[in-house]
Amino acid sequence: MNAPLRIIGKGERRVDGLGKVTGRAKFAADYNVGHQLYGKVLRAEHPHARILRIDTAAAKRLAGVEAVLTGQDIPGEKAIGIVVKNQAILASDKVRYLGDGVALVAAATREIAEAALRLIKVDYEPLPVVSDPEEALEPDAPRIHGEDNTFVHHKVRRGEVAKGFAEADFIIERKFRTPCIEHSYLEPEAALAEPGEHGGVVVTGSVQNLFSTRRSVAAALKLDLNRVEIIQATLGGSFGGKDEVMTSMCCRAALLALATGKPVKMVNTREESMLESYKRHPYVLYYKWGAKQDGSITAMEIKCIADGGAYASMSPFVTWRSVVQASGPYYCEHIKTDVYAVYTNNNYTGAMRGFGSPQVNFAIESMMDELGEKVGKDPLEIRLQNGFKDGAITATEQRLTHKVSLCEVLTKAAEALDFKAKWKAYRSAPDAPKKRGIGLACSYRGVSLGAEGVDAAGAIVSVQTDGSVIVSSGITDMGQGAQTQMSQIAAEVLGISMNRIRFLNTNTSRVPDSGPTVASRGTIMGGSAARNAAQIVRSTLLEVGADMVKASPVTCDLADDHLVDKGSGKRLASFAELAAECFHRGKPMYGLGWHKAPHTSWHEEEGKGDAYFTFVYGANVAEVEVDTGIGKVDVLDFVSCHDVGKAINRNSVLGQFYGGVAMGLGYGLLEEFDYEEAVPKQLNFDEYLIPTAMDVPKIRAIIVENADAAGPFGAKSIGEPANELAAPAIVNAIYNATGKRVCEIPATLERVLLGHKLTRTGERASVKKDVMAGDSCKLGRGDR
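These figures come from a predicted structure and were not determined experimentally. (Residues numbered from 1 in each chain as written. Predicted model: local features only at pLDDT ≥ 70, side-chain atom pairs only at ≥ 80, totals over all residues. Heavy atoms only, no water.)

## Quick look at the pairing of strand S14 (residues 264-267)
Pairing analysis gives two bridges linking strand S1 (residues 37-43) to S14, with the strands arranged parallel. Within the sheet, the bridge partner assigned to Leu-37 lies in S14 and is Val-264. (Pairing = 2+ DSSP bridges. Helix = DSSP H or I, 4+ residues; strand = E, 2+ residues; numbered from the N terminus.)

See the structure below:
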């Protein structure tokens with residue numbers, strides 16, 4: 001299709017927008033049926049303890065209670081886990097964090113169910129607790145599972161790191177920390193489970209990854225997959241957070257529904273949600289770089305320790321992305337990277353927007369600024385010198401064969417805020433009660449799942465006899481706009497307007513398993529599948545249409561809701577007439593599109609491979625004002641620049657830019673889900689701080705488009721890249737203003753005031769402390 005694009009690139013209205021703005025959209029908690037029961041979970045009383053006895057007798061006797069279940073009542077598999085099945089649906093022998101469920105109740109009202117929970121008696125033997133990931137590595141640390149708390153070790157090896165350090169003029173070593181983060185979606189988890197008409201179970205819920213949830217529910221109930229139907233309700237946000245926590249809820253609701261023979265509804269309160277749900281991984285990061293006086297990097301040695309919490313969850317995949325990208329988009333011949341995930345008694349950690357990138361990007365971009373400082377080059381200059389160009393070879397020895405636009409996004413972002421002039425002026429400004437600074441950060445990011453596993457997706461396009469169109473997919477829309485993007489792609493291929501299309505929410509019994517909706521793969525995978533499905537239907541329509549008007553298919557086109565002559569644009573038949581003719585001739589107007597990602601590879605032992613089939617590039621610039629007396633930071637202006645390949649829906653892309661910056665600001669300045677001996681200290685938004693509209697600055701969005709053959713109409717991804725750079729850009733701006741390097745985020749008042757003071761001379765430097773063994777450039781946790 002070489003014709004000009006008519007729908008792609010436009011800011012079309014969202015296909016799910018009307019229901020949301022009118023209040024007619026049905027979220028999971030809005031679903032109710034007659035005679036439904038209400039389910040509740042009894043959670044652990046200790047973050048780590050053996051379960052000695054569970055007495056449910058009194059709860060079962062309470063009027064209105066119809067079922068009380070424990071782990072012993074699960075007929076099938078008793079644990080879930082996408083990678084490692086070690087998360088108990090209901091703990092039977094041991095609780096490993098305070099969010100663990102121990103028993104379930106189904107009752108006629110919520111109030112009765114809550115009263116029944118209070119009647120369940122559980123005897124525990126408390127066990128020692130470990131809450132710090134580095135302490136979890138100690139030989140005498142409490143063991144959460146088995147004999148070793150380390151359950152993931154990924155590595156990358158390139159060149160000879162000792163040789164690289166020997167060639168260096170100086171070495172920089174730093175220790176960084178990133179926080180545990182709550183997803184903060186507006187809608188808490190909810191599900192309604194109903195016994196199936198002909199056996200099995202139907203679950204409607206706020207589910208992100210429906211097919212993995214279906215597998216777990218089927219395994220727990222000992223049912224075939226075709227007996228378990230998972231239906232996506234409209235989601236009130238997820239950001240990666242409604243995967244395993246929703247799988248647990250769906251399993252529990254389904255167990256209660258089949259035990260009682262009645263529908264069971266479960267809805268978490270905000271406190272229950274924050275207590276049970278998984279979080280973004282906190283990381284401890286050790287970075288050691290060797291460099292020449294001209295600013296080139298000779299060696300990188302990196303060690304990252306991720307707090308996996310109580311269960312494996314997605315840690316193996318999250319940390320794999322970290323190890324691939326831990327050295328950033330920068331040339332270096334000698335690299336040694338090790339990334340570990342360890343068990344603790346904190347909330348388990350899993351997927352969150354960024355998926356292992358925000359943590360390492362904070363460290364990489366802080367190091368790059370410091371490297372520039374050492375050799376007398378500004379942050380833009382040092383990045384343009386070391387940044388990947390076309391044909392670059394990455395740390396995993398993958399040659400980049402697509403358009404590498406790192407220098408383009410860096411330059412455009414810097415120019416938009418006059419970065420070089422402001423950076424020079426602010427760093428030499430005299431001391432004052434309030435000082436301004438400007439910071440820069442960039443990244444590259446692998447698109448979709450990469451070599452994590454099978455990466456494929458399906459979509460269905462069905463033209464009705466009146467010319468209206470139904471589209472559906474195994475990709476879930478959680479608010480990110482995936483349904484609209486796929487609709488636009490189908491509309492472009494079919495030459496129709498968007499108002500002809502209705503997009504159906506995902507239902508596991510009606511669309512093909514398309515894998516998880518993660519890794520910013522909605523557009524590039526779901527969109528490619530939708531394009532393929534629409535092209536199947538398009539071929540049929542053109543064949544029938546050409547015969548209908550006595551023309552050749554090669555001279556006909558579909559445009560503006562009509563069959564048209566390709567040369568003159570003359571309208572030959574309406575789309576509705578064309579659809580009706582196909583029906584009368586018995587021709588199918590249904591297309592199942594399937595898309596499998598291009599080849600990727602990974603050699604775990606060697607730490608090498610073609611990790612992703614393409615990458616995206618982005619740059620952020622932040623301008624801040626720091627109150628030097630109290631450490632308060634205000635972000636005044638911001639530039640977000642990303643190469644998206646092709647913007648399918650311009651408004652949706654801009655929305656991702658703005659939302660990503662807002663979330664990144666929270667990561668850099670405000671948010672931290674904190675623990676005291678594995679007991680969460682914040683369980684609602686009165687204490688857990690997220691940015692408000694008053695905190696978000698003016699955001700200048702710059703969309704760069706270098707079409708990529710791997711994506712539909714050249715599109716790649718933007719959901720996660722938009723979120724992973726704001727924090728380092730802000731922290732680098734703080735350094736530009738104050739001369740103090742913040743090595744632990746969020747950059748709270750205390751951390752800004754007490755940050756590590758670095759010299760600003762550009763002289764040769766050698767850091768003699770062995771940070772890789774545990775020394776740090778910052779105050780330790782005991783010195784807050």
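Anyway, onward from the coordinates.
## Observations concerning the packing of helix H15 (residues 522-548) against helix H16 (residues 575-584)
A packed helix pair is summarised by two numbers, namely the angle formed by the two axes and the spacing between the axes. Remark: H15 packs on H16, axes separated minimally by 10 Å, with the N-to-C direction vectors making an angle of 95 degrees. Looking at the two axes, H15 sits roughly perpendicular to H16. Here Thr-540, Leu-541, Val-544, Gly-545 and Met-548 of H15 lie close against H16, whose contacting residues are Phe-575, Glu-577, Leu-578, Glu-581 and Cys-582. Among the residues making up the contact of H15 with H16, the classes are represented as six nonpolar, two polar and two charged. (Axes fitted to C-alpha atoms, helices over the stretch in contact; angles between N-to-C directions. Parallel < 35°, antiparallel > 145°, perpendicular 65-115°, else oblique. Contact = heavy atoms within 4.5 Å. Nonpolar A, V, L, I, M, F, W, Y, C, P; charged D, E, K, R; others polar.)

## Here's the deal with the packing of aromatic side chains
Going through the model one piece at a time under the given rule, you end up with 16 aromatic pairs. For the ring pair Phe-151 and Tyr-343, a centre distance of 4.0 Å and an interplane angle of 15 degrees mean the geometry is stacked. Of this pair, Phe-151 sits in strand S9 (residues 150-158) while Tyr-343 sits in strand S17 (residues 335-343); the two residues are 192 residues apart in sequence, bridging distant segments of the chain. In this structure Tyr-343 comes out as buried when scored by relative accessible area, which is 5%. Seen from their ring centres, Tyr-444 and Phe-615 are 4.8 Å apart, and the 10 degrees between their planes marks the pair as stacked. On the criterion of sequence distance, the pair formed by Tyr-444 in strand S18 (residues 434-446) and Phe-615 in strand S26 (residues 615-627) is long-range, its members being 171 residues apart. Judged by its relative accessible area of 1%, Phe-615 falls in the buried class. Connected via pairs of aromatic rings, a cluster forms that spans Trp-320, Tyr-331, Phe-388, Tyr-444, Trp-602, Tyr-612, Phe-615 and Tyr-617. The positively charged end of Lys-242 is found above the aromatic ring belonging to Tyr-185, 4.5 Å away from the centroid. The cationic tip of Arg-741 hangs over the ring face of Tyr-735; the distance from NZ or CZ to the ring centre is 4.6 Å. (Phe/Tyr/Trp six-rings, centres within 6.5 Å; stacked < 30°, edge-to-face > 60°. Buried < 20%, exposed > 50% of the residue type's maximum accessible area, 1.4 Å probe, protein only. Lys NZ or Arg CZ within 6 Å of the ring centre and 35° of its normal.)

## Digging into the sheet that holds S1
Overall, mixed pairing links the seven strands, which are arranged S3-S7-S1-S14-S11-S12-S13 in an open sheet. This sheet does not close on itself; its edge strands, each paired only once, are strand S3 (65-70) and strand S13 (228-232). Adjacent strand axes in the sheet meet at a mean angle of 20 degrees when their direction is disregarded. Summarising the sheet, strand S11 (residues 190-195) and S14 pair through four bridges and their orientation is antiparallel. Bridge pairing in S14 links Ala-191 to Met-266. Against the sheet, helix H3 (residues 110-119) engages S1, S3, strand S7 (101-107) and S14, with an angle of about 25 degrees to S1. Strands in contact with helix H7 (residues 244-260) are S1, S3, S7, S11, strand S12 (201-205) and S14; relative to S11, the strand with the most contacts, it is inclined by about 30 degrees.

## Observations regarding the side chain of Gln-485
When you line up the elements, Gln-485 lands in helix H14 (residues 482-494). Accessibility expressed as a relative area gives 8% for Gln-485, which makes it buried. Here Asn-649 takes part through its backbone nitrogen, which lies 3.3 Å from a polar atom of the side chain of Gln-485. With residues near it in sequence (within four places) discarded, Gln-485 still touches Thr-523, Ile-648, Asn-649 and Ser-652. (Polar contact = N/O pair within 3.5 Å; in protein donor to acceptor, adjacent residues only side chain to side chain.)

## As for a negative patch on the surface
There is a patch of like negative charges on the surface, built from Glu-135, Glu-138, Asp-140, Glu-676 and Glu-677. Among the secondary structure elements, Glu-138 is positioned in the loop between helix H4 (133-136) and S9. What makes Glu-138 partly exposed here is its relative accessible area of 41%. (Patch = residues over 30% accessible without salt bridge, like charges linked within 9 Å, V, L, I, M, F, W, Y side chains within 5 Å. Areas by Shrake-Rupley, 256 points an atom, 1.4 Å probe, with all protein chains shown as cover. Salt bridge = Lys/Arg side-chain N within 4 Å of Asp/Glu carboxyl O. Lys, Arg positive; Asp, Glu negative; His and termini not counted. Charge placed at Lys NZ, Arg CZ, Asp CG, Glu CD.)

## What about the sheet that holds strand S27 (residues 633-643)?
With mixed pairing, four strands are arranged side by side in an open sheet as S18-S26-S27-S30. In the strand order of this sheet, the two ends are held by S18 and strand S30 (698-704), each with one partner. Between one strand axis and the next, the sheet turns by 15 degrees as a mean value, whatever way the strands run. As defined by bridge partners, S27 adjoins S30 across seven bridges and the pair is classed as parallel. Within S30, the residue paired with Asp-637 across the bridge is Lys-698.

## Focus: helix H11 (residues 379-386)
Along H11, the residues that are buried comprise Pro-379, Leu-380, Ile-382, Arg-383 and Asn-386. Axial view of H11: buried residues confined to an arc of 165 degrees, hence all on one face. Structurally, H11 contributes buried residues whose contacts are with strand S16 (297-309), helix H10 (357-375), helix H12 (406-416), helix H13 (419-427), S18 and helix H18 (726-738). Sitting at the head of H11, Asp-378 places a side-chain oxygen 2.9 Å from the backbone nitrogen of Leu-380. (Arc of directions from axis to C-beta.)

## A closer look at the side chain of Arg-741
In this structure, Arg-741 sits in strand S31 (residues 740-741). At 2.7 Å, the side chain of Arg-741 forms a polar contact with the side chain of Asn-732.

## Comments concerning the nonpolar core
Counting residues in hydrophobic clusters, the biggest one holds 100 residues, and the most contacted among them are Tyr-287, Trp-289, Leu-371, Ile-730 and Ile-734. Look past the residues within four positions of Leu-371 in its chain and what remains in contact with it is Phe-170, Ile-172, Trp-289, Ala-291, Gly-295, Ile-297, Ile-382 and Asn-386. Counting residues in hydrophobic clusters, the runner-up holds 43 residues, among them Ile-475, Leu-542, Val-544 and Val-616. (Core = buried A, V, L, I, M, F, W, Y, C linked by side-chain atoms within 4.5 Å.)

## Structural notes on helix H6 (residues 210-221)
Taking 1.5 Å per residue, twelve residues should reach 16 Å; H6 reaches 16 Å between its end C-alpha atoms and fits that length. Along H6, eleven of the twelve residues are buried, which leaves the element largely enclosed by surrounding structure. Inspection of H6 places Leu-210, Phe-211, Ser-212, Thr-213, Arg-214, Ser-216, Val-217, Ala-218, Ala-219, Ala-220 and Leu-221 among the buried residues, and these make up the whole buried set. Elements in contact with the buried residues of H6: strand S4 (79-80), S12, S13 and H7. Just downstream of H6 lies Lys-222, where phi reads positive at about 55 degrees. (Expected span 1.5 Å × (residues − 1).)

## Notes on the pattern of salt bridges
Inspection of the entire model under this criterion finds 48 salt bridges. The residue Asp-338 makes a salt bridge to Arg-157 at a minimum N-O spacing of 2.9 Å. Linking Asp-338 in strand S17 with Arg-157 in strand S9, this pair joins segments that are 181 residues apart in sequence. A salt bridge links Lys-646 to Glu-705, with the shortest nitrogen-to-oxygen separation between them at 3.7 Å. Here Lys-646, found in the loop between S27 and helix H17 (650-669), pairs with Glu-705, found in the loop between S30 and H18; they are 59 residues apart in sequence, far enough to count as distant. Of the residues examined, Lys-646 reaches a relative accessible area of 23% and is grouped as partly exposed. Glu-705 gets classed as partly exposed once you look at its relative accessible area, which sits at 37%. Salt bridges linked by common partners bring Lys-40, Arg-43, Glu-114, Arg-252, Glu-272 and Glu-276 together as one network.

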